[in-house]
Amino acid sequence: MADFIYLASQSPRRRQLLEQLGVRHELLLPGSDEDAEGLEAVQPGESPAAYVQRVTALKLDAAVLRHARRGLAPAPILCSDTTVALDGRIYGKPEDARDAARMLSELAGCEHQVLTAVALQAGARRLAALSVSRVRFAAMTPAQIAAYVASGEPMGKAGAYAIQGPAAQYVENMDGSYTGIMGLPLFETAGLLREAGVLRG
């Protein structure tokens, strides 16, 4: 068994969380010829849980092919995807500042779900897990939303916010996995890595 894994994610937060587990990893990122964002299109009538698990599986499929094409050393490949949902509606990454402001104004004062799916390819075996958390935002004024959007932090983040950043001041309550809301639920991820023999104990 390899003493490291490949992480198929561009998220610096996922790298930090893997380091927190003490798992050595190398990045396995899409090439310029891959349409990574295209994998995130929502299908009609798709539930948030089905969506995030399907997208994670597609991203892992792409990473497995990428690994083979590049002739890299064998090691497990980890992939993860996060989405935010309010009343069954999926909130992905905002398209622009206006879209980010719209998302935040809809989430403000409400409880929403944050779903993170994790999948690990270890040889011929594929292991998967899903973390579902609930987050309640306090009401936000238009000025507060505008200031947060102007910081640039909402861009590239599901639901237009990062719980580990300034948005935390508006989190009234949360129930579930803090690391899952960040983008990589460590309890579930550690379970998959133990099952694959990467983590001991």
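As recorded by an unreviewed UniProt entry, the protein carries the name dTTP/UTP pyrophosphatase and is attributed to Alicycliphilus denitrificans. UniProt annotates the protein under Subcellular location (unreviewed entry) with the comment "Cytoplasm".

Asker: I would appreciate a short explanation of the side chain of Thr82 in the present structure.
Answerer: In this structure, Thr82 sits in strand 3 (residues 77–86). Under the relative-accessibility criterion, Thr82 is labelled buried at 16%. Reaching out from Thr82, the side chain makes a polar contact with the side chain of Arg14 at a distance of 3.2 Å. Within the local environment of Thr82, its side chain forms a polar contact with the side chain of Thr116, the two groups lying 2.8 Å apart.

Asker: For this particular structure, what's the right way to read the side chain of Thr179?
Answerer: Secondary-structure assignment places Thr179 in helix 5 (residues 178–182). For Thr179, a relative accessible area of 16% corresponds to the buried category. The contact partners of Thr179, leaving out residues within four places of it in the chain, are Leu17, Leu184, Pro185 and Leu186.

Asker: In this structure, what is going on with the UniProt feature "active site" (unreviewed entry) in the protein? I would like to understand it.
Answerer: Taken from the UniProt record, the annotation "active site" (unreviewed entry) applies to Asp81. In this structure Asp81 comes out as buried when scored by relative accessible area, which is 6%. Those residues in contact with Asp81 that sit more than four places away from it in its chain are Arg14, Glu40, Val52, Val55, Thr56, Lys59, Leu115, Thr116 and Ala117.

Asker: What am I meant to see in the packing of helix 3 (residues 97–107) against helix 4 (residues 142–150) here?
Answerer: When two helices pack together, their arrangement is captured by the angle between the axes and the distance separating the axes. Running from amino to carboxyl end, helix 3 crosses helix 4 at an angle of 135 degrees, the nearest separation of the two axes being 10 Å. The angle between the axes of helix 3 and helix 4 places the two elements in the oblique class. Read as a crossing pair, helix 3 and helix 4 show a hand that is right-handed. Residues Ala97, Ala100, Ala101, Leu104 and Ser105 of helix 3 touch helix 4, and the partners they reach there are Ile145, Tyr148 and Val149. Per-class residue counts for the contact of helix 3 with helix 4 are seven nonpolar, one polar and no charged.

Asker: I would appreciate a short explanation of the UniProt feature "site: Important for substrate specificity" (unreviewed entry) in the protein in the present structure.
Answerer: UniProt records the feature "site: Important for substrate specificity" (unreviewed entry) for Arg13, Thr82 and Gln164 in the present numbering. Following the sequence through the fold, Arg13 ends up in helix 1 (residues 12–21). Residues within four places of Arg13 in sequence aside, it is in contact with Lys157, Gln164 and Met182. Apart from residues no more than four positions distant in its own chain, Thr82 is found in contact with Arg14, Val52, Val114, Leu115, Thr116, Ala158, Gly180 and Gly183.

Asker: Got a minute to help me understand the environment of Gln53 in this structure?
Answerer: With respect to the helices and strands, Gln53 occurs in helix 2 (residues 48–70). Judged by its relative accessible area of 38%, Gln53 is partly exposed. Placed 62 residues apart in sequence, Gln53 and Leu115 show a C-alpha to C-alpha distance of 9.1 Å. Among all residues touching Gln53, those that are not within four sequence positions of it are Ala117 and Leu130.

Rules used throughout
- Residues numbered from 1 in each chain as written.
- Predicted model: local features only at pLDDT ≥ 70, side-chain atom pairs only at ≥ 80, totals over all residues.
- Heavy atoms only, no water.
- UniProt positions renumbered as here; feature names shortened; annotations may be inferred.
- Helix = DSSP H or I, 4+ residues; strand = E, 2+ residues; numbered from the N terminus.
- Buried < 20%, exposed > 50% of the residue type's maximum accessible area, 1.4 Å probe, protein only.
- Polar contact = N/O pair within 3.5 Å; in protein donor to acceptor, adjacent residues only side chain to side chain.
- Contact = heavy atoms within 4.5 Å.
- Axes fitted to C-alpha atoms, helices over the stretch in contact; angles between N-to-C directions.
- Parallel < 35°, antiparallel > 145°, perpendicular 65-115°, else oblique.
- Left-handed = near helix turned anticlockwise from the far one by under 90°.
- Nonpolar A, V, L, I, M, F, W, Y, C, P; charged D, E, K, R; others polar.

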